[in-house]
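Topology and contacts: notes
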Amino acid sequence: MAADRYDAPKCEKHWQKAWEDKGIFQAREDDPRPKYYVLEMFPYPSGRIHMGHVRNYTMGDVVARHMRASGHNVLHPMGWDAFGLPAENAAIERGVHPGKWTYDNIATMRGQLKSMGLSLDWSRELATCDVEYYHQQQVLFLDMLEGGLVDRKTRKVNWDPVDHTVLANEQVIDGRGWRSGALVEQREQPEWVFKITDYAQDLLDALDGLDRWPEKVRLMQANWIGRSEGLLVRFETVKGTSPEGHNVLEVFTTRPDTLFGAAFMAIAPDHELAKAVAETNPQAQAFIEECHRHGTTAAEIETQEKKGIDTGVRVAHPAIEGAEIPVYIANFVLTEYGTGAIFGCPAHDQRDLEFARAYDRPVTPVVLPAGEDPATFAIGEEAYTGDGVLINSDFLDGLSVTDAKNAMADRLSARTVSGGPQGVRKTEFRLRDWGISRQRYWGCPIPMIHCEACGMVPVPVANLPVKLPEDVTFDVPGNPLDRHPSWKHVPCPKCGKDATRETDTMDTFVDSSWYFARFCSPRAGVPTDPNAVGHWLPVDQYIGGVEHAILHLLYSRFFARAMHKTGHVAVDEPFRGLFTQGMVTHETYKDADGKWVLPEDVTVRDGNSVHVETAAPITVGPVESMSKSKKNVVDPDSIIGTYGADTARWFMLSDTPPERDIEWTSGGVDGAHRFLQRIWRLVGDAAAKGSEVGASAPSGMDSEAEDLRRATHKTIAGVTNALQKLRFNSAVAQVYELANTLSASLQAAGAQPKDDVRFALREAAEAFARVSAPMVPHLAEECWALLGHKTLVAEEPWPEADQALLTEDTVTIAVQVNGRRRDELTIARDASKEDIEAAALKLENVERAIEGRKIKKVVVVPLRIVNVVA
RNA sequence: GCGGACGUGGUGGAACUGGUAGACACACAGGACUUAAAAUCCUGAGGGGGGCAACCCCCGUGCGGGUUCGACUCCCGCCGUCCGCACCA
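Residues numbered from 1 in each chain as written. Chains lettered and ligands numbered in written order. Predicted model: local features only at pLDDT ≥ 70, side-chain atom pairs only at ≥ 80, totals over all residues. Heavy atoms only, no water.

1. A look at unusual backbone geometry
Both trends apply: most residues other than glycine have a negative phi, and most peptide bonds are in trans. The following threshold applies: Helix and strand assignments follow DSSP, with helices taken as H or I runs no shorter than four residues and strands as E runs no shorter than two, numbered in order from the N terminus.
Here the bond from Leu464 into Pro465 is cis, since omega is 0°, no more than 30 degrees from zero. Backbone torsion omega between Leu537 and Pro538 reads -5°, so that peptide bond is classified as cis. Inspection of the secondary structure puts Pro538 in the loop between helix H16 (530-536) and strand E28 (541-545). Backbone geometry at Leu863 places phi at a positive 70°, although glycine is not the residue there. You can see Leu863 is positioned in the loop between strand E37 (857-861) and strand E38 (865-869).

2. Digging into the sheet that holds strand E5 (residues 150-160)
How we decide: Here a strand pair is declared whenever DSSP counts at least two bridges between the two strands. Here a residue-residue contact requires only that any non-hydrogen atoms of the pair lie within 4.5 Å. Axis angles are defined between N-to-C directions and span 0 to 180 degrees, where every axis is a line fitted to C-alpha atoms and, for a helix, only to the segment in contact.
Pairing is antiparallel across the open sheet formed by four strands, whose spatial order is E6-E5-E9-E21. The open sheet is flanked by strand E6 (165-167) and strand E21 (434-435), the only strands paired with a single partner. The sheet contact formed by E5 and strand E9 (residues 185-194) spans ten bridges and is antiparallel. In the strand pairing of E9, Arg152 is matched with Trp192. Relative to the sheet, helix H5 (residues 131-146) contacts E5 and E9, its axis offset from that of E9 by approximately 90°.

3. A few points about the confidence of the model for chain A
Rules: pLDDT runs from 0 to 100 and stands for how confident the predictor is about each residue.
Looking at chain A as a whole, the pLDDT averages 91, with 97% of positions reaching at least 70. Here the predicted complex scores 0.93 on pTM and 0.94 on ipTM.

4. Side note on the nonpolar core
In globular proteins that are soluble, nonpolar side chains generally tend to be buried together. Spelled out, the test is: Nonpolar core, defined: a set of buried Ala, Val, Leu, Ile, Met, Phe, Trp, Tyr and Cys residues in which side-chain atoms within 4.5 Å join the residues together. The rule is simple: take the accessible area with a 1.4 Å probe, protein chains only, and divide by the maximum for that residue type; under 20% is buried, over 50% is exposed, in between is partly exposed.
Counting residues in hydrophobic clusters, the biggest one holds 178 residues, and the most contacted among them are Tyr37, Phe141, Phe194, Leu537, Phe558, Phe559 and Trp664. Not counting chain neighbours up to four residues away, the residues in contact with Phe141 comprise Val150, Trp192, Phe194, Ile436, Ile446, Pro447, Met448 and Met506.

5. Brief notes about the protein's contact with RNA strand B
Applied cut-off: We call a residue near a molecule or strand whenever a single non-hydrogen atom of that residue lies within 4 Å of it. Counted as a polar contact is a pair of N or O atoms within 3.5 Å, where, for protein atoms, one must be capable of donating a hydrogen and the other of accepting one, and residues adjacent in sequence contribute only when both atoms are in side chains. Put simply, Ala, Val, Leu, Ile, Met, Phe, Trp, Tyr, Cys and Pro go in the nonpolar bin, Asp, Glu, Lys and Arg in the charged bin, and everything else, Gly too, in the polar bin.
In the neighbourhood of RNA strand B, 51 residues make up the surrounding shell, with Thr253, Thr254, Lys306, Arg351 and Arg430 lying closest. When the atoms of RNA strand B within 4 Å of the protein are sorted by group, sugar and phosphate make up 65%. In this structure, Tyr337 approaches RNA strand B through a side-chain N or O atom, which is 2.7 Å from a phosphate oxygen. In this structure, a base oxygen belonging to RNA strand B sits 2.6 Å away from a side-chain N or O atom of Asn867. Looking at the surface near RNA strand B element by element, the count peaks at seven residues for helix H22 (residues 728-749). Considered class by class, the residues forming the surface near RNA strand B number 17 nonpolar, 15 polar and 19 charged.

6. Thoughts on the packing of aromatic side chains
Spelled out, the test is: Working definition: rings of Phe, Tyr and Trp (its six-membered ring) pair if their centres are within 6.5 Å, and the pair is stacked with planes under 30 degrees apart, edge-to-face with planes over 60 apart, and tilted otherwise. A ring is considered to have a charge above it if a Lys NZ or an Arg CZ atom is located within 6 Å of its centre and within 35 degrees of its normal.
Applying the stated rule across the entire model yields 37 aromatic pairs. An angle of 90° between the planes, with centres 5.3 Å apart, marks the rings of Tyr328 and Phe355 as edge-to-face. Taken together, the positions of Tyr328 in strand E14 (residues 324-330) and Phe355 in helix H11 (residues 350-358) put the pair 27 residues apart, joining distant regions of the chain. The exposure class of Tyr328 is buried, given its relative accessible area of 7%. Among the aromatic residues, those joined into a cluster by ring pairs are Phe141, Trp192, Phe194, Tyr199, Trp434, Phe509, Tyr555, Phe558 and Phe559. Looking at Lys306, its charged tip hangs above the ring of Phe332, at a distance of 5.8 Å from the centre.

Below you can see the structure in the form of structure tokens.
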């Protein structure tokens, strides 16, 4: 006799082994079926998987299993984003080698992922810290260098003087290093960059073609790239006011129309002219130093006052004969954007206005808003940035802003100053080149050699990989590669003299920018196998968190282009479809001392939340995304161990739309688990009462059987549609609906159902197993076996809905009077408009609602609605 | 400040291109089974009012307008919540 409960944890292991033994999830390039590449963002091996992973990988697995059943040759791989800082921190804190720490974590997490029953091709597993992987990454680097996509630039960076490393902007908190707490310095430092700006325009333009990406992500990328069209204007400096060699000051502006309102020039503290002035001007020198002490964090910039210092330099106004404009060094001008210099038009730019008020510069309006009188229009606290008509602007007077921009551009382009045109139309981008140098050990070594005689020399491909040395120490700050006794000393590949290796390693975003391509041929002796990438790329469906909307996805798009240019892939866009799933949230709990408490330590007694052991009162806080710091986390292992993976998967897919945040609740888990038990019972019942495996449909069908069949086929169609659109919650709801119908049918059928009902019961139960298989694969196998099958449901084709059963002969439509629903009408599907109208007007409720008024109009939309206007 | 998304019962949410608002689930209540409980099964339910009753009426998708025979859906203006960017010239 069968047990009366489905023992998920036990059965799940059995089915996982069955799948693995048959190797059914291994992808092959020579499979003739249409390919489908499903990928979820690979995890960082932090130690254990969290609920966010469970949600992400469940969704990907549903897509993979559904597509596989629908006749596709599916590639669904998994790997590890394994380089990065936490491994080095573990080395510093616990003395464990970063490599050991990482591979131990991978082993643990691999086991956890396997317990989820994901349909992954584990034979393609890779870790970015595998020598095999970063070897090929070094090959890519050299190819990109050769292709002119790599550069070495000296740039301003956040330098942590205690840890001896460069910090990313987000690692600087209140001007201090996030780990050392030391005041961060702005430093000029040479670093390797990828020339992503070469593709700025293309990366922007191609966003239009990414029609299967969320609009939100495309917008964020467009903003990040930040294209703006304007004019490069060359201002001549006034003789005798400017240091030697600085005869021209270049400025980028998007508002050349406001040039007649120019009240000052402002240059960045790091501008060449500023440096030149500082050499003879101690006050300017002091001001520049003060600017350097300020951090670059958003909060600091926001609170920073507009400050500047007059350099004494004067430039000639390009359109007003004899007029001179003073040049300031100002803290709000960015070195990195445009030319690092601006002209200030206070009337029409808020920053410029604030600066002009502080330094007493004139505010002359040159754009008049519609409806204002030029005689009285004045600027108060707010600059006017809108459209209007030009005033106080000589030859531009009376023109619109757009026309004035063009007129000024034309005029300046035609003029020559200091041997060049005074104005050049130009497009600027906010996007900067991608600095990849990190002064760290646990990353991919940059395969370059510094030779005193030959300069920068690439490591010959034959000498790759440049392997990380094993014997490193973390007891002192700084880069272990740099202080390793022998590693960096090598002969120059060109001249043979003593030289040193580059000790910087690559940003870990480089690793994740091409792993999707490497999965196509993970063991190839070259970065990519042309047949494999040709077959699999692009990724058809990529799934991950929105937090990667900009950097990772933009870098990957750049890499696809770079790899295309260097002959490694044949596509420009790596991801055809992108889906960004929401986060997993949970209530937060605090005890009387204000300390965070884990959900598993909280229980409800007599309506109050208390600690499980001490019964001390617990305060329930707001629902927030799961994080270790707030302790509102639930361990996937314990859920899977208690309820089984299918329960966790089902919960993740139920109720909440996948792009939204989902709240994890114990009640919801219980509910999910109860339903899975119910499926198991219903299918068991249906197996007992239904017809035998493979029985064909009896000739006659009574309405009882017919109705169940209709429900079954409606569910097949509905779930198929929902899964195609990734609306998992909708698919789940329809499975629930079929469960309710099946349950009612089983009750109505009694102990000895007729043949037609027996057939319908089996059909319903089989459909059940098949359509729920992508979501709860283990339970589906169990049900499939319960129904007497010897095959695996994972290898069964997706069921097809019988169109004939989806349409009924009669339809029920609503009947409205003056837009209010008064009754409904059941009528033949193919009834004519006239028949529908006549039947509707005969309805008692309709007659009453009309109250004898004259009927003005009757709107009839067949299959939908009747609206009587009276 | 700029850009974007969202606002529907006690709760999560559904409603395809404008056509019966609240599918489905959670929680809740009542009932069946049980010595009892758990589990399970059945039933109920947006709010308000009327009727012995099957039923009927009014209000209702953040607020105020508009378009339409008809608006959760489209347009305009507010309010609120969340997210991204943030001195980008």
